[in-house]
Amino acid sequence: QVHVVESGGGLVQAGGHLRLSCAASGRTFSSYDMGWFRQAPGKEREFVAAINWSGGITYYADSVKGRFTIARDNAKNTVYLQMNGLRPEDTAVYFCAVRSPRPTVLTGPGEYDYWGQGTQVTVSS
């Protein structure tokens, strides 16, 4: 069992920035693929960004490319999502997800084994 905890959400004005953090338990954190997803009210959960176990491969949704950056610090068992140039449409609950490495895409929510409780991000116009 892996325990996943997100932090760093909040209220920010359009154009502002936030950094989300996700801490995952386990001595094998450096072997996990990690992903960020978000869910706005009345909408399905959608992929935001992902990073593979080594940090050498990253993926982004088209809607956040050039504005968000995913990174990991295996020494701290933490993955980060730096969000710049925030827009009102980025408002959602952001979830961190964890999975053991496998040769399948990192972008599908069904590919992940463990999830955090989410952190709210609200961007005001």
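This structure is a prediction, so every number in the text was calculated from the model and none was measured.

The rules behind these values
Residues numbered from 1 in each chain as written. Predicted model: local features only at pLDDT ≥ 70, side-chain atom pairs only at ≥ 80, totals over all residues. Heavy atoms only, no water. Helix = DSSP H or I, 4+ residues; strand = E, 2+ residues; numbered from the N terminus. Buried < 20%, exposed > 50% of the residue type's maximum accessible area, 1.4 Å probe, protein only. Contact = heavy atoms within 4.5 Å. Disulfide = S-S within 2.5 Å. Salt bridge = Lys/Arg side-chain N within 4 Å of Asp/Glu carboxyl O.

## Regarding the environment of Thr-107
Thinking step 1. Summarising the element assignment, Thr-107 is placed in the loop between β9 (92-99) and β10 (114-115).
Thinking step 2. With relative accessibility at 31%, the residue Thr-107 sits in the partly exposed group.
Thinking step 3. Between the alpha carbons of Thr-107 and Glu-46 there is a distance of 8.8 Å; along the sequence they are 61 residues apart.
Thinking step 4. Setting aside residues up to four positions removed in sequence, Thr-107 forms contacts with Phe-37, Phe-47 and Tyr-59.

## Focus on the state of the cysteines
Thinking step 1. Scanning all chains against the criterion turns up one disulfide.
Thinking step 2. One disulfide bridge connects Cys-22 with Cys-96, the sulfur atoms lying 2.0 Å from each other. Across the disulfide from Cys-22 to Cys-96, rotation about the S-S bond amounts to roughly -80°, and the bridge is consequently left-handed. With Cys-22 in strand β3 (residues 18-24) and Cys-96 in strand β9, this pair connects stretches of sequence that are 74 residues apart. You'll find Cys-22 and Cys-96 in the same group, each marked buried.

## Here's the deal with the pattern of salt bridges
Thinking step 1. For the coordinates displayed, the defined rule picks out seven salt bridges.
Thinking step 2. The residue Asp-62 makes a salt bridge to Lys-65 at a minimum N-O spacing of 3.1 Å.
Thinking step 3. Judged by relative accessible area, Asp-62 falls into the exposed class, the value being 65%.
Thinking step 4. Close ionic contact of Asp-90 with Arg-67 constitutes a salt bridge, the shortest N to O distance being 2.8 Å. A residue pair is termed long-range when its members are at least 10 positions apart, and Asp-90 in the loop between β8 (78-83) and β9 and Arg-67 in the loop between β6 (58-60) and β7 (68-73) qualify at 23 residues. The two residues Asp-90 and Arg-67 agree in class, both being buried.
Thinking step 5. Overlapping salt bridges bring together Arg-38, Glu-46, Arg-67 and Asp-90 as one network.

No statement about biological role is implied by the geometric values presented.
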